[in-house]
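What the coordinates show
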Amino acid sequence: MERYDLIVLGAGSGGLTVAAGGAAVGARVALLEKHRMGGDCLNYGCVPSKAFLRAAKVAHTLRTASTYGINAGTTAARHDLKPVMEYVRSARARVAPHDSVERFTGLGVDVHLCAGRSSTVIACLRRCSSSVAGRLGRSSARPLPVSDLR
Ligand SMILES: Cc1cc2nc3c(=O)[nH]c(=O)nc-3n(C[C@H](O)[C@H](O)[C@H](O)COP(=O)(O)OP(=O)(O)OC[C@H]3O[C@@H](n4cnc5c(N)ncnc54)[C@H](O)[C@@H]3O)c2cc1C
């Protein structure tokens, strides 16, 4: 069984940041994700919502173009959901490589696409070596009690 200095549950914005930071200071890091790399921000939150907002802003601009003396034509205000969804997915696809398994593997993180369970996590944790713990800003690191992971 692999032993790690740091086990990160969840590859959302928080987990990805912690995993990259841990690997950067030399910790042996495992990152466990049970659903999708990128978590809420990439898949449901920040990125898709900003893409929707951008599409809505463009539609509004076209609809109100005449206010600014611009003739946007008669088809300008048409906005079907399907192509908008394609744009939203493409926006997500452009960002996805930053949060990908490939990128984090390249940073030295062991990525596991599975649900982290307390028993597995406890078994895989080891004491950080003093040099790694020091770089993480602690004098020592102890395995988390099982109760903290429930
Ligand atoms: C509509 C919307 C718009 C938003 N817009 C913005 C914005 O513009 N800017 C901004 O800063 N924030 C925004 N947010 C907030 C942002 O999405 C969250 O702050 C961010 O996703 C939180 O990241 P996280 O890593 O804490 O959690 P999450 O993104 O929820 O990630 C947690 C991950 O952990 C995984 N996981 C959970 N349990 C386990 C387990 N036991 N084992 C393995 N994996 C597990 C989940 O599958 C998930 O991938 C928005 C949110 C929403 C809903």
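Above this text is the structure in question.
Notes on the structure follow. (Residues numbered from 1 in each chain as written. Predicted model: local features only at pLDDT ≥ 70, side-chain atom pairs only at ≥ 80, totals over all residues.)

1. Notes on the overall build of the protein chain
- Check the secondary structure of the protein chain and you find seven helices and three strands.
- Mapped from its N terminus to its C terminus, the protein chain presents α and β elements in the order β-α-β-α-α-α-α-β-α-α.
- Split into buried and exposed, the 150 residues of the protein chain put 21% on the buried side.
- For the protein chain, the proportion of contacts with a sequence separation of at least 24, taken over those separated by at least 6, is 66%. (Helix = DSSP H or I, 4+ residues; strand = E, 2+ residues; numbered from the N terminus. Buried ≥ 20, exposed ≤ 12 C-beta atoms within 10 Å, placed from the backbone. Contact = placed C-beta atoms within 7 Å.)

2. Focus on the environment of Arg 3
- On the secondary structure map, Arg 3 appears in the segment before β1 (6-9).
- For Arg 3, a count of 12 C-beta atoms within 10 Å gives the class exposed.
- In this structure, the C-alpha to C-alpha distance between Arg 3 and Ala 30, residues 27 residues apart in sequence, is 8.9 Å.

3. Observations concerning the sheet that holds strand β2 (residues 29-32)
- Taken in spatial order, the three strands of this open sheet run β1-β2-β3, and their pairing is parallel. The open sheet is flanked by β1 and β3 (110-112), the only strands paired with a single partner. The average undirected angle you get between the axes of adjacent strands in this sheet is 20°. (Pairing = 2+ DSSP bridges. Axes fitted to C-alpha atoms, helices over the stretch in contact; angles between N-to-C directions.)

4. Points about the site of the ligand
- Near the ligand, the surroundings consist of 21 residues, among which Gly 10, Gly 12, Gly 14, Gly 39 and Gly 45 are the closest.
- Of all the elements in the fold, those that place two or more residues in the shell around the ligand are α1 (13-24), α2 (39-43) and α3 (46-63).
- Here the shell around the ligand is built from residues that sort into seven nonpolar, ten polar and four charged. (Near = placed C-beta within 6 Å. Nonpolar A, V, L, I, M, F, W, Y, C, P; charged D, E, K, R; others polar.)

5. Brief notes about the pairing of β2
- With burial as the criterion, each face of β2 is covered, one bearing Val 29 and Leu 31 and the other bearing Ala 30 and Leu 32.
- Note: β1 against β2, four bridges, orientation parallel. If you follow Val 8 over to β2, its bridge partner there is Leu 31.
- Remark: the β1/α1/β2 crossover connection has right-handed handedness.
- Where β2 lies against β3, three bridges are found, and the strand directions are parallel. By the bridge assignment, Ala 30 is partnered in β3 with Asp 110. (Right-handed = clockwise from strand over helix to strand, strands pointing away.)

6. Overview of the nonpolar core
- Formed by 18 residues in total, the largest nonpolar core has its most connected members in Ile 7, Val 8, Ala 19, Val 29, Leu 31 and Val 109.
- Every element with two or more residues in this core is listed here: β1, α1 and β2.
- The leading source of residues in this core is β2, at four residues.
- Setting aside anything within four residues of it in sequence, one finds Ala 19 in contact with Val 8, Val 29, Leu 31, Phe 104 and Val 109. (Core = buried A, V, L, I, M, F, W, Y, C linked by C-beta atoms within 7 Å.)

7. Re α1
- Between its terminal C-alpha atoms α1 stretches 17 Å, which fits the 16 Å expected from twelve residues at 1.5 Å a residue.
- Gly 15, Leu 16, Ala 19, Gly 22 and Ala 23 are the residues of α1 that are buried. Buried positions in α1, seen along its axis, are confined to an arc of 135° and lie on one side of it. Of the residues in α1, the exposed ones pointing more than 90 degrees away from the buried face are Thr 17 and Ala 24.
- Note on α1: the residue one or two positions beyond its end, Gly 26, has a positive phi of about 95°. (Expected span 1.5 Å × (residues − 1). Arc of directions from axis to C-beta.)

So far we have only geometry, and geometry alone does not tell us how the molecule works.
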